[in-house]
Amino acid sequence: MADAQDRTTPDAPERAAIDAALELLAGDARRSLPGDVGDAIAYALAGGGKRVRGLLVLHAYRACGGGGRADALAAAVEAIHAYSLVHDDLPCMDDDDMRRGRPTLHRVYGVPVATVVGLAMIPLAARAAWRAARALGSDQATAAEIVQVLMRASGAEGMVGGQLMDLEAEGRAVSLTELEEIHRGKTGCLIAASVMVGGLAAGAGPETRRALGAFGDQVGLAFQIADDILDVTATTEMLGKTAGRDIALAKSTYPSLLGLDGARSRAAALVDAACHELRAANIRSVDLERLAQFAVNRPS
Ligand code: GRG
């Protein structure tokens, strides 16, 4: 099993490849949307994220036998994530000034541009996912399924639905069941979709897809539990975003409901179960397991 204490950001060459694919995508955006909006999209796509979702795409693709370069597909998923950060930081949502160690996009370009940027990045990402899947050799039906998985995870049944519940839950106590639903929606679904998209592009069959789905669901929830923990244990400097936001916004979190140790145990148990799912389906991937451990042991 991968080292459970590995806290270093993994996969430097793969992250560099994803960054390069994101730069190409930024070039597309600049050509089709000149001026501030194009520049601001480039700002959102650059900027030092850990690229966990993109890495999940690449490692799931490889774990399922994919032999091409899935960087552009990974970049498409990262673009959806980047849009969600831009909108999450807006004054009408979490109202934050810092992200990835830099001023949030609306602090640099203003709220109207940030609003347009977020919206423009969704079709940009969907088209990029379609093109990337086709370039990897996916037939039209599989490429369509990849786009659908990504859009479903981003919409009412996933990120948008989870974010709405999250906003509505501010300032009141929520049950663990409700919190789990919020976390799965706002964060877990896109992480699970990242794994699935990689598997689909590699032509994964039904049993492999089931195992990838179970792995992604559990890692996705664990990732957001770790986010809750870091919000109270890490500094703003370490996180590159404002620490302590959950308390400031009066949000229920795993540490507030289970205590820090309880939250850590829950996250660790989810990752163990996730890795078990892979092995039970005979998916041997040190990289996916290491990334799953990183999701909960990361320093930021
Ligand atoms: C309009 C209701 C409505 C929703 C729009 C804004 C939005 C959709 C959803 C917000 C989802 C969100 C930002 C959830 C938090 C996910 C999360 C843990 C982000 C941090 O991810 P990391 O740590 O960040 O992977 P880096 O910077 O490394 O990429």
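The structure displayed is predicted, hence computed values, not measured ones. (Residues numbered from 1 in each chain as written. Predicted model: local features only at pLDDT ≥ 70, side-chain atom pairs only at ≥ 80, totals over all residues. Heavy atoms only, no water.)

## Quick word on the overall build of the protein chain
Move 1: Each helix and strand counted, the protein chain has 14 helices and 2 strands in total.
Move 2: Its C-alpha atoms give the protein chain a radius of gyration of 18 Å, near enough to 19 Å, the size a compact globule of 300 residues would have.
Move 3: Projected onto its principal axes, the C-alpha positions of the protein chain cover 50 × 50 × 30 Å.
Move 4: Here the protein chain, with 300 residues, has 55% of them falling under the buried criterion.
Move 5: Considering only contacts in the protein chain between residues 6 or more positions apart, those separated by 24 or more positions represent 74%.
Move 6: Total accessible area computed for the protein chain in this model is approximately 12,300 Å², and 55% of it derives from carbon and sulfur atoms.
Move 7: Taking the 31 positively charged and 38 negatively charged side chains of the protein chain as two groups, their mean positions are separated by 4 Å. (Helix = DSSP H or I, 4+ residues; strand = E, 2+ residues; numbered from the N terminus. Rg over C-alpha atoms; globule rule 2.2 N^0.38 Å. Buried < 20%, exposed > 50% of the residue type's maximum accessible area, 1.4 Å probe, protein only. Contact = heavy atoms within 4.5 Å. Areas by Shrake-Rupley, 256 points an atom, 1.4 Å probe, with all protein chains shown as cover. Lys, Arg positive; Asp, Glu negative; His and termini not counted. Charge placed at Lys NZ, Arg CZ, Asp CG, Glu CD.)

## Observations regarding helix H8 (residues 159-169)
Move 1: Within H8, the full set of buried residues consists of Met159, Gly161, Gly162, Gln163, Asp166 and Ala169.
Move 2: Its buried side turned inward, H8 meets helix H4 (71-88), helix H7 (140-154) and helix H9 (176-201).

## So, the packing of helix H1 (residues 12-32) against helix H6 (residues 111-135)
Move 1: Here H1 crosses H6 at 125°, and the two axes come no closer than 11 Å. What the angle tells us is that H1 and H6 run oblique. H1 and H6 meet at a crossing whose hand is right-handed. Here H1 contributes Leu25, Asp28 and Ala29 to the contact with H6, which in turn contributes Leu124, Ala128 and Arg131.
Move 2: Partitioning the contact of H1 with H6 into residue classes produces 4 nonpolar, no polar and 2 charged. (Axes fitted to C-alpha atoms, helices over the stretch in contact; angles between N-to-C directions. Parallel < 35°, antiparallel > 145°, perpendicular 65-115°, else oblique. Left-handed = near helix turned anticlockwise from the far one by under 90°. Nonpolar A, V, L, I, M, F, W, Y, C, P; charged D, E, K, R; others polar.)

## Things to note about the site of the ligand
Move 1: Around the ligand, a shell composed of 21 residues is seen, among which Lys50, Arg53, His81, Arg100 and Gln224 lie nearest.
Move 2: Contact between the ligand and Arg100: an oxygen atom at 2.8 Å from a side-chain N or O atom of the residue.
Move 3: Coverage of the ligand by the protein chains reaches 90% of its 750 Å² of free accessible surface.
Move 4: Mapped by element, the contributors of at least two residues to the shell around the ligand are H4, H8, H9 and helix H10 (206-233).
Move 5: Classifying every residue of the shell around the ligand gives 7 nonpolar, 7 polar and 7 charged. (Near = heavy atom within 4 Å. Polar contact = N/O pair within 3.5 Å; in protein donor to acceptor, adjacent residues only side chain to side chain.)

## Quick word on the pattern of salt bridges
Move 1: Inspection of the entire model under this criterion finds 28 salt bridges.
Move 2: For Arg209, the salt bridge goes to Glu145, with nearest N and O atoms at 3.1 Å. With Arg209 in helix H10 and Glu145 in helix H7, this residue pair connects regions lying 64 residues apart in the sequence.
Move 3: A residue is classified by how much of its surface remains accessible, and Arg209, at 30% relative accessible area, is partly exposed.
Move 4: A salt bridge links Asp261 to Arg264; the nearest nitrogen and oxygen atoms lie 3.7 Å apart. Highlighted residues: Asp261 and Arg264, both in helix H13 (residues 254-280), separated by 3 residues, approximately one helical turn.
Move 5: A residue is classified by how much of its surface remains accessible, and Asp261, at 58% relative accessible area, is exposed.
Move 6: When salt bridges that share partners are traced, they join Asp94, Asp166, Lys186 and Lys251 into one network. (Salt bridge = Lys/Arg side-chain N within 4 Å of Asp/Glu carboxyl O.)

## What to know about the nonpolar core
Move 1: Core analysis: the largest hydrophobic core is formed by 92 residues, its most contacted members being Ile41, Leu45, Leu73 and Phe215.
Move 2: With 12 residues, H6 is the largest single contributor of residues to this core.
Move 3: In this structure Phe215 touches Leu56, Val195, Ala274, Cys275, Glu277, Leu278, Leu288 and Ala292, once residues within four positions along its chain are discounted. (Core = buried A, V, L, I, M, F, W, Y, C linked by side-chain atoms within 4.5 Å.)

## Looking at the packing of aromatic side chains
Move 1: Within this structure, the stated rule accounts for 1 aromatic pair.
Move 2: Ring centres 5.8 Å apart and planes at 75° place the aromatic pair Tyr43 and Tyr109 in the edge-to-face group. Linking Tyr43 in helix H2 (residues 36-45) with Tyr109 in helix H5 (residues 105-109), this pair joins segments that are 66 residues apart in sequence.
Move 3: Judged by relative accessible area, which is 21%, Tyr109 ranks as partly exposed.
Move 4: Seen from the ring of Phe223, Arg53 lies directly overhead, with NZ or CZ sitting 5.1 Å from the centre.
Move 5: Between the NZ or CZ atom of Arg298 and the centre of the ring of Phe223, over which it lies, the distance is 3.7 Å. (Phe/Tyr/Trp six-rings, centres within 6.5 Å; stacked < 30°, edge-to-face > 60°. Lys NZ or Arg CZ within 6 Å of the ring centre and 35° of its normal.)

## Re the confidence of the model for the protein chain
Reading predicted coordinates in detail is not appropriate for stretches of low pLDDT.
Move 1: In the predicted model, the protein chain carries a mean pLDDT of 95, and the fraction of residues at 70 or more is 97%.
Move 2: Contacts for the low-pLDDT stretch residues 1-6, under 50 throughout, to residues beyond four places or in other chains number 14 contacts. (pLDDT = per-residue confidence, 0-100.)

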